[in-house]
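Architecture and fold: a report
What follows is the residue order along each chain.
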Amino acid sequence: MGLAIFKYSIINRTGERILGDATSIDSIGAAGIAKVVGADHTCSLFRAEDKRLHPLPATIEGKRTLYVATPNCPASHMIVGYCLEEKRDGQTESLLDCSLLPENTCAVSSFTLDAEMNLLSKPVPYDLDGFEHSGSTTLARDVHEHLYLIGRKGDILRQFPAEWQHEGHAYDDNLNVSELIFSKITGNSAEYVQEGTLRRKIIYRLDIEQDVVCGPYTEIAELSEGIRYVRGVDGLIRCVDKDFNTLFPTSHQRKYPWFATISPCCHGHVAFTTGQKAGLLNKAGDIVVKPKFSHISHIHGPYWWYQKGRKYGILHESGELITEAIYFACPYFGHEFGSGIVPAGTTVKRKEKWGYIDLTGQWVIPPQFDLCYGFHHRDFAIVRDEI
């Protein structure tokens with residue numbers, strides 16, 4: 001059996017195809033833009049405001065271009081590209097690392113465009129691919145994996161220590177990169193701590209504006225609703241505020257030394273796992289749903305996916321089961337930023353088909369696609385079909 005070949009489409013909230021037969025489509029964020037690669041391999045930008053494709057520039061400053069992705073930041077209006085040159089005699093590697101380069105070419109710089117095709121960051125000899133972007137500052141790396149914070153004009157705002165390795169980052173309300181999660185490289189390896197049978201990487205958090213480093217930790221959840229959960233090198237989970245001040249006393253921390261994973265706070269609750277079972281905590285650290293499911297992840301408001309076996313159902317944060325576990329689901333596609341409908345799958349004529357359900361489990365768009373992605377934009381989502 002040969003490899004499956006897929007085509008991608010953009011649909012609206014009634015299931016009507018607005019755009020079809022694309023080779024690939026990047027995620028449509030809240031800003032309503034996505035990079036689309038057509039069957040002829042040309043790159044265009046889909047804009048939700050006019051429901052049209054706009055061809056991306058084939059050259060920037062006289063150099064061929066390659067567009068790799070739209071950023072994952074939901075409010076971002078940026079798209080990332082590379083400037084290419086033909087390989088010279090004896091040249092084997094690109095200045096920048098990109099596995100999608102056309103044959104006999106190398107990437108010499110990267111840049112960002114806004115939704116109107118204007119240059120936000122002029123071509124610079126740093127790799128912007130693989131990092132999210134903010135409204136005015138961008139994280140970047142060079143061929144040596146050194147990290148930089150650069151401005152919209154390509155100017156270096158800050159160079160981070162060479163031994164820092166990027167592990168994640170977050171934004172402030174103005175979409176500036178506000179914090180950097182990093183590990184430290186000693187010799188040729190990162191720092192680790194042994195926790196039982198697990199070997200966990202030691203990580204730190206930098207507040208870029210205050211220039212304050214917090215750590216060491218082995219896990220740092222995303223700041224959400226003013227709190228986050230962190231795991232110390234002692235193996236204990238702690239609830240901290242935005243400045244990393246501990247919210248619970250030590251005696252409270254030690255009640256739950258056995259958490260395996262923790263999630264960002266959503267609607268006042270946090271999903272956790274222990275002993276390969278998942279449950280829910282409230283902000284006070286009290287268990288409101290006992291760990292008895294294979295997986296729990298947030299959908300919207302007080303509603304969560306729960307997994308039993310291979311199937312998923314909808315759970316209220318109070319512990320009430322809204323639906324039985326009868327759906328296929330990709331929980332990481334389910335965050336729909338308030339659209340109220342989520343992708344789900346079921347078996348149709350012995351084939352797995354996907355559509356969209358509401359938060360009571362009723363089908364809003366019947367199962368008809370090979371795979372569906374969430375309505376990250378309020379009006380449009382991406383679906384996939386096998387050719």
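Analysis parameters
Residues numbered from 1 in each chain as written. Predicted model: local features only at pLDDT ≥ 70, side-chain atom pairs only at ≥ 80, totals over all residues. Heavy atoms only, no water. Phe/Tyr/Trp six-rings, centres within 6.5 Å; stacked < 30°, edge-to-face > 60°. Helix = DSSP H or I, 4+ residues; strand = E, 2+ residues; numbered from the N terminus. Buried < 20%, exposed > 50% of the residue type's maximum accessible area, 1.4 Å probe, protein only. Lys NZ or Arg CZ within 6 Å of the ring centre and 35° of its normal. Patch = residues over 30% accessible without salt bridge, like charges linked within 9 Å, V, L, I, M, F, W, Y side chains within 5 Å. Areas by Shrake-Rupley, 256 points an atom, 1.4 Å probe, with all protein chains shown as cover. Salt bridge = Lys/Arg side-chain N within 4 Å of Asp/Glu carboxyl O. Lys, Arg positive; Asp, Glu negative; His and termini not counted. Charge placed at Lys NZ, Arg CZ, Asp CG, Glu CD. Polar contact = N/O pair within 3.5 Å; in protein donor to acceptor, adjacent residues only side chain to side chain.

Here we take up the packing of aromatic side chains. Here the structure, examined in full by the defined rule, presents 11 aromatic pairs. Consider the rings of Tyr356 and Phe375, whose centres lie 5.0 Å apart with planes at 65°: the pair is edge-to-face. One end of the pair, Tyr356, is in strand 32 (residues 351-358); the other, Phe375, is in the loop between strand 34 (371-372) and strand 35 (381-386), and 19 residues separate them in sequence. Given a relative accessible area of 0%, Phe375 falls into the buried group. Taken together, Phe160, Trp164, Phe182 and Tyr204 form an aromatic cluster joined through their ring pairs. A cation sits over an aromatic face here: Arg13 above Phe375, 5.8 Å from the ring centre. Seen from the ring of Phe328, Lys311 lies directly overhead, with NZ or CZ sitting 4.9 Å from the centre.

Judged by side-chain charge, Lys277, Lys290, Lys292 and Lys308 come together as a positively charged surface patch. Here Lys308 shows up in strand 29 (residues 303-308).

Following Gly215, the chain continues into Pro216 via a peptide bond in cis, with omega recorded as 10°. Among the structural elements, Pro216 can be located in strand 21 (residues 212-220). Look at Lys349: it is not a glycine, yet its phi comes out positive at around 50°. Mapped onto the fold, Lys349 is located in the loop between strand 31 (341-348) and strand 32. Unusually for a residue other than glycine, Arg350 sits at a positive phi of about 70°. By the element assignment, Arg350 lies in the loop between strand 31 and strand 32.

Okay, the side chain of Ser224 next. When you line up the elements, Ser224 lands in the loop between strand 21 and strand 22 (227-232). By relative accessible area, Ser224 is classed as buried at 17%. Side-chain polar atoms of Ser224 contact the backbone oxygen of Cys265, separated by 2.3 Å.

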